[in-house]
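Listed below, chain by chain, are the residues.
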Amino acid sequence: MFLFSLVCSGEIFELKAELNSDKKEKKKEAVKKVIASMTVGKDVSALFPDVVNCMQTDNLELKKLVYLYLMNYAKSQPDMAIMAVNTFVKDCEDPNPLIRALAVRTMGCIRVDKITEYLCEPLRKCLKDEDPYVRKTAAVCVAKLHDINAQLVEDQGFLDTLKDLISDSNPMVVANAVAALSEIAESHPNSNLLDLNPQTINKLLTALNECTEWGQIFILDCLANYTPRDDRESQSICERVTPRLSHANSAVVLSAVKVLMKFMEMLPKDLDYYGTLLKKLAPPLVTLLSAEPELQYVALRNINLIVQRRPEIMKHEMKVFFVKYNDPIYVKLEKLDIMIRLASQANIAQVLAELKEYATEVDVDFVRKAVRAIGRCAIKVEQSAERCVSTLLDLIQTKVNYVVQEAIVVIKDIFRKYPNKYESVIATLCENLDSLDEPEARAAMIWIVGEYAERIDNADELLESFLEGFHDESTQVQLQLLTAIVKLFLKKPTETQELVQQVLSLATQDSDNPDLRDRGYIYWRLLSTDPVAAKEVVLAEKPLISEETDLIEPTLLEELICHIGTLASVYHKPPSAFVEGSRGVQHKRLPCSAGSGESVDSPETSSTAGVSDAPPAVIPSQGDLLGDLLNLDLTPTTTGPPPPAVSTGMQLGAMDLLGGGLDSLLGGDLGGNPAIGAGFGAAPAAMPASFGAPGSGGLDDLFDLGSGVGMPMGAYSPPKSVWLQAMKAKGLEISGTFARRAGVIQMEMTLTNKAMSVMTDFAIQFNRNSFGLSPAGPLQVLTPLSPNQSIEVALPLNTSGPVMKMDPLNNLQVAVKNNIDVFYFSCQYPISMLFVEDGKMERQIFLATWKDIPNENESQFQIKDCHLSSDAVSNKLQGSNIFTIAKRTVDGQDMLYLSVKLTNGIWVLAELRIQAGNPNYTFLFPLPISSRYLLESFSKIPLIFFFL
């Protein structure tokens, strides 16, 4: 080490002597040696003063070398770097434009705060230099200086100068100005530096034809951030950008494609130019696939995005995506993916022939993907399904292990897509059961056996063979096996009692996997409490699987289309997912399609989307407290099992469902099957009145018809009822009601501790419901709840939660957590809680709306035994935000015309007829009787919704 340092010291001494030589050539050779040493990692910072002295030269080559040295060592020697400032300033006024540009470029690359203040004046001069080469270099320097000291750049007015350079006569200056402004704008997304307008766009398009390829990329990327005013401007820009598609540089081509893909959104599809543009986009993309593999991969990743957005662009180019024998695996897999996306009835025969060929290749990963692709074709193109199944069976006959396993996985998906159509192949699949060793294939085969157990004579033996090594299986297989055996038990109960006992015991008692244990408990309790419900749940008809399960989410796809030609389009992730810091996080969107326009949802749209149009497939049955509440973040502190499901046809019992052990599981009537014993445990207790009180929340309550005595002014609030009995909640009793006070819905509860231990850590959460009711804050139980103590709690609610149609519509499913466990119950809130204070409709609007409804569309309902005058009724209803718009008397009969507005924007119109001396009132509603399904479940509330 000592000898090495001596050698280095000697070498530096020699270089020092040469650097101070009077001979220019010797000095230049010495600087070259210094740069060479610096390049290989040697520390030559000791020569800093000597190298700086060499700046005073007219030799351009020597000056470049010295500047290179300065850029490398200025940060570690900032005090010494200031010595070079005078030379920089002097060089910025040199007659040679190359030296002026070199000086300003180097000053921008020296990232030392002390030097930046000296850079401003030379930079200002260079930005207005007569030579375009100096101006374009200075433009880039502004972006570098902004990165070092943004405030200084703004104070010195350099940003305005950059904007002026966009109008420069030289295209390269324009390109660099755009590049610099784009760079600065990325780090300051809200600065609006690039204020693009039609005049600026025209200048950029003019410069586009004359600047270098990288300048074209900068300009095209800038154009992609512009939103045209209309389709004519969009077409004009597309016409001027289209020639870039034939450029030799692939980056220019992709940038042009990005601009065209974005502006095509604004072109009407019936426009002739739209079809022409689609045809012009395909050839340049195909040309990119003849480049080297790395470029091919980038092109394919971008094409993958393009065909997801506009498959018609490449629909006639299927053959270019056929795999070549010498393609790298990453290219092969990407081509395969695009082939599936482009598959259609027109080309499916060609695609299947290719895929069958690929399935005989030697590359295992590629073969697996090819087999899966055949399955995806069957799901996507229904007409090809039979041919695809036949192809898969041929591949299974090859007995190649990994081919067989992949084929079974995809056949399972085909069964899901086309039920009761191709089940004849199950026997062939069962023959290969012993060869399955991969979790996904084993799980798929188990699913097939469980789903079609009634068609497989030895289904119990097949599943029992999997059960032997239950604990050695992966979680995926264990879960599937548990479900399959429960299905088998529900279909063949007499033959599989021991098998279901065994699997439930393994899942709940011998497993430490929470997912498996929870599913086991749910099945156990379903079977022990309500076998009919168990059959409905476990053997329910399954929704058909989607044709394209791997499509990118539309919003993300739009953003990625705006990033074509960048890393985001290769990763298929937005820049914010992999770019650290503030840069690159600005989300981009495609402009609105021609004729679509952004519109605010009308009341009809918002109301129906909120309540009545929820897809039936995702709506749990009435009282299905395990539907969404199991997903609540309430984290019970005990490890006990969750409470039993409450289905439409069952009652909630107060028994220990697991107390009787597995023997009780096999003793009841299962869906009317006499082969199973006489009872699934003890009969459950009757349901509490609060669970199904049919009269709560109706208009009868608003009129206080039960007593015949008028209630005081103000919104009606029903008396408290017991929602959760102590015997079902380990000692916690909850009674409550709902009230509307000062425009705020409140859930008023009394919590009573009937247990022997203190209760703390209360929390509450609601399931999705018809009107989006959710807690506006946490449940405020500030002190521990001691034994035999009660506490009053008022929980404010809002209506901004998730919406899902319930039955009845005013049903609310609640989960309450404390330090003991999580408890579930359901209650019904009065409809009047949803009536808002601004529900009084203008008379003219009311009259016009009422007249527009045909007489045959009216429905009538009776309210009996009401002994109030029309004025008293009007006052009483107004206290609950039911407003009287008009009143008239005809033949001694008072007619009140009423309007109500609900929290979700739904309006209700009604006519109330009151005959003096007649205790029965008539409600008339302007909608057909067929609309009653909207509120039949509102506990006999005779209201029909009219959507304004």
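Cut-offs applied
Residues numbered from 1 in each chain as written. Predicted model: local features only at pLDDT ≥ 70, side-chain atom pairs only at ≥ 80, totals over all residues. Heavy atoms only, no water. Helix = DSSP H or I, 4+ residues; strand = E, 2+ residues; numbered from the N terminus. Buried < 20%, exposed > 50% of the residue type's maximum accessible area, 1.4 Å probe, protein only. Contact = heavy atoms within 4.5 Å. Areas by Shrake-Rupley, 256 points an atom, 1.4 Å probe, with all protein chains shown as cover. Pairing = 2+ DSSP bridges. Axes fitted to C-alpha atoms, helices over the stretch in contact; angles between N-to-C directions. Phe/Tyr/Trp six-rings, centres within 6.5 Å; stacked < 30°, edge-to-face > 60°. Lys NZ or Arg CZ within 6 Å of the ring centre and 35° of its normal. Core = buried A, V, L, I, M, F, W, Y, C linked by side-chain atoms within 4.5 Å. Expected span 1.5 Å × (residues − 1). Salt bridge = Lys/Arg side-chain N within 4 Å of Asp/Glu carboxyl O. Parallel < 35°, antiparallel > 145°, perpendicular 65-115°, else oblique. Left-handed = near helix turned anticlockwise from the far one by under 90°. Nonpolar A, V, L, I, M, F, W, Y, C, P; charged D, E, K, R; others polar. pLDDT = per-residue confidence, 0-100. Patch = residues over 30% accessible without salt bridge, like charges linked within 9 Å, V, L, I, M, F, W, Y side chains within 5 Å. Lys, Arg positive; Asp, Glu negative; His and termini not counted. Charge placed at Lys NZ, Arg CZ, Asp CG, Glu CD.

For the protein chain, the count of helices and strands is 37 helices and 13 strands. Looking at the 948 residues of the protein chain, the share that counts as buried comes to 51%. Counting only contacts in the protein chain whose residues sit at least 6 apart along the sequence, the fraction spanning at least 24 positions is 67%. Of the roughly 43300 Å² that the protein chain leaves accessible, carbon and sulfur atoms contribute 50%.

Turning our eyes to something else, we now look at the sheet that holds strand β8 (residues 822–828). Read across the sheet, three strands follow the order β4-β7-β8 without closing on themselves; strand pairing throughout is antiparallel. On the outer flanks of this sheet lie β4 (763–766) and β8, each paired with one strand and no other. Strand-to-strand twist across the sheet, computed as the mean angle between neighbouring axes with direction ignored, equals 25°.

Moving on, we get to the side chain of Ser-511. Positionally, Ser-511 belongs in the loop between α28 (497–508) and α29 (514–529). The exposure class assigned to Ser-511 is buried, which follows from its relative accessible area of 11%. The contacts of Ser-511, once residues within four sequence positions are left out, are His-471, Leu-506, Leu-516 and Arg-517.

In the structure shown here, the tally under the stated rule is 10 aromatic pairs. Here Tyr-358 and Phe-366 contribute two aromatic rings whose centre-to-centre distance is 5.2 Å and whose plane-to-plane angle is 45°, an arrangement assigned as tilted. This pair shows no difference in class: Tyr-358 is buried, exactly as Phe-366 is. Ring plane angle 90° and centroid distance 4.8 Å describe the contact between Tyr-571 and Phe-578, whose orientation is recorded as edge-to-face. When its relative accessible area of 30% is taken as the criterion, Phe-578 is described as partly exposed. An aromatic cluster of three or more residues is present, and its members are Trp-723, Phe-738, Phe-825 and Tyr-829. Above the face of the Phe-366 ring, Lys-332 is positioned so that its terminal group lies 5.2 Å from the ring centre.

If you look at the biggest cluster of nonpolar residues, it comprises 209 residues, and the most contacted ones within it are Tyr-69, Leu-70, Leu-204, Leu-355 and Phe-415. Element by element, the count of residues in this core is highest for helix α27 (residues 475–491), at 10 residues. In this structure, Phe-415 is in contact with Tyr-422, Glu-423, Val-425, Ile-426, Leu-429, Trp-447, Ile-448 and Tyr-452, ignoring residues within four places of it in sequence. One finds Met-749, Cys-827, Leu-834 and Ile-882 within the second-largest nonpolar core, a separate group that totals 51 residues.

So, on to unusual backbone geometry. Residues other than glycine predominantly adopt negative phi, and peptide bonds predominantly adopt the trans conformation. Residue Pro-808 is bonded to the preceding Asp-807 through a cis peptide linkage, with omega at 0°. Relative to the assigned elements, Pro-808 resides in the loop between β6 (790–798) and β7 (811–817). Here the phi dihedral of Lys-399 falls at roughly 65°; this positive angle occurs in a residue that is not glycine. Topologically, Lys-399 is positioned in the loop between α22 (385–397) and α23 (401–417). Although it is not a glycine, Ala-742 sits at a positive phi angle of roughly 50°. Structurally, the position occupied by Ala-742 is in the loop between β2 (732–741) and β3 (744–753). The exposed category is assigned to Ala-742, whose relative accessible area is 86%.

Before going further, it helps to spend a moment on helix α19 (residues 329–342). Its 14 residues place the ends of α19 20 Å apart at the C-alpha level, agreeing with the 20 Å of an ideal helix rising 1.5 Å per residue. Across the 14 residues of α19, 11 count as buried, placing the element largely inside the fold. Where α19 is concerned, the buried positions are Val-331, Lys-332, Glu-334, Lys-335, Leu-336, Asp-337, Ile-338, Met-339, Ile-340, Arg-341 and Leu-342. Looking at the packing, one finds that the buried side of α19 touches α18 (293–309), α20 (348–358) and α21 (364–380).

Taking 1.5 Å per residue as the helical rise, α28 with its 12 residues ought to reach 16 Å, and the 17 Å between its terminal C-alpha atoms agrees with that figure. On its buried face, α28 sits against α26 (459–467), α27 and α29.

Mapped onto the elements of the fold, Trp-214 is located in helix α14 (residues 213–223). Each C-alpha atom, one on Trp-214 and one on Met-172, is 9.5 Å from the other, the two residues being 42 residues apart in sequence. Sequence-distant contacts of Trp-214, that is, excluding residues within four places in its chain, are made with Asn-249 and Ala-251.

Next up on the list: the environment of Arg-111. Structurally, Arg-111 can be placed in the loop between α7 (97–109) and α8 (113–127). Separated by 34 residues in the primary sequence, Arg-111 and Leu-145 place their C-alpha atoms 8.3 Å from one another. Excluding its chain neighbours within four sequence positions, the residues that come into contact with Arg-111 are Lys-75, Lys-144, Asp-147 and Ile-148.

With that settled, the discussion passes to the sheet that holds β6. Ordered by their spatial adjacency, five strands build an open sheet running β1-β2-β3-β6-β5, and the pairing between neighbours is antiparallel. If you trace the sheet from one side to the other, it starts and ends with β1 (721–724) and β5 (774–775), each paired once. The sheet contact formed by β5 and β6 spans two bridges and is antiparallel. Paired with Pro-775 across the strands is Leu-797, a residue of β6.

This paragraph deals with the pattern of salt bridges. Opposite charge on two side chains lets them pair, provided their charged atoms get close. Applying the stated criterion across every chain yields a total of 32 salt bridges. A salt bridge links Glu-312 to Arg-310, with the nearest nitrogen and oxygen atoms 3.9 Å apart. Each of Glu-265, Arg-309, Arg-310, Glu-312 and Glu-558 takes part in a single network of salt bridges with overlapping partners.

Here we come to the packing of α22 against α23. Where α22 contacts α23, the axes come no closer than 9 Å and their chain directions differ by 155°. With respect to α23, the axis of α22 lies roughly antiparallel. The crossing of α22 and α23 is left-handed. Contact residues: α22 offers Val-389, Leu-392, Leu-395 and Ile-396, while α23 offers Val-403, Val-404, Ala-407, Val-410, Ile-411 and Ile-414. Its residues placed into classes, the contact of α22 with α23 shows 10 nonpolar, no polar and no charged.

It is worth spelling out the confidence of the model for the protein chain at this point. Averaged over the protein chain, the pLDDT score is 77; the fraction of residues at 70 or greater is 80%. Between residues 595–713, whose pLDDT stays under 50, and residues either more than four places distant or in other chains, the model counts 230 contacts. Segment residues 928–948 is flagged for pLDDT under 50; beyond a separation of four residues in sequence, or across chains, it makes 68 contacts in the model.

By the element assignment, Tyr-897 lies in strand β11 (residues 893–901). For the pair formed by Tyr-897 and Leu-912, sequence separation is 15 residues and the distance between their alpha carbons is 6.4 Å. Beyond its immediate sequence surroundings of up to four residues, Tyr-897 is in contact with Phe-846, Trp-850, Phe-883, Thr-884, Ile-885, Ala-886, Arg-888, Ala-910 and Glu-911.

So, on to the pairing of β3. In the case of a regular strand, side chains alternate between the two sheet surfaces. Along β3, nine of the 10 residues are buried, which leaves the element largely enclosed by surrounding structure. Pairing analysis gives 10 bridges linking β2 to β3, with the strands arranged antiparallel. From the neighbouring strand, Glu-733 faces β3, where its bridge partner is Thr-752. By the bridge criterion, eight bridges tie β3 to β6 in an arrangement that is antiparallel. Across the sheet, Leu-751 pairs through a bridge with Ile-791, a residue of β6.

This part is about a negative patch on the surface. A surface patch of like charges, here negative, comprises Glu-461, Glu-464, Glu-468 and Glu-498. For Glu-498, the location among the structural elements is in helix α28. Assessed through its relative accessible area of 66%, Glu-498 is described here as exposed.

Turning our attention to the packing of helix α2 (residues 24–39) against helix α4 (residues 60–73). A pair of packed helices can be characterised by two numbers: the angle between their axes and the separation between those axes. Viewed as axis vectors pointing N to C, α2 and α4 meet at an angle of 35°, and their least axial separation amounts to 10 Å. Note on packing geometry: the crossing formed by α2 with α4 is left-handed. Counted together, Lys-27, Lys-28, Val-31, Lys-32, Val-34, Ile-35 and Met-38 of α2 and Glu-61, Leu-62, Leu-65, Val-66, Leu-68, Tyr-69, Asn-72 and Tyr-73 of α4 form the full contact between these two elements. Grouping the amino acids of the contact of α2 with α4 by side-chain chemistry returns 10 nonpolar, one polar and four charged.

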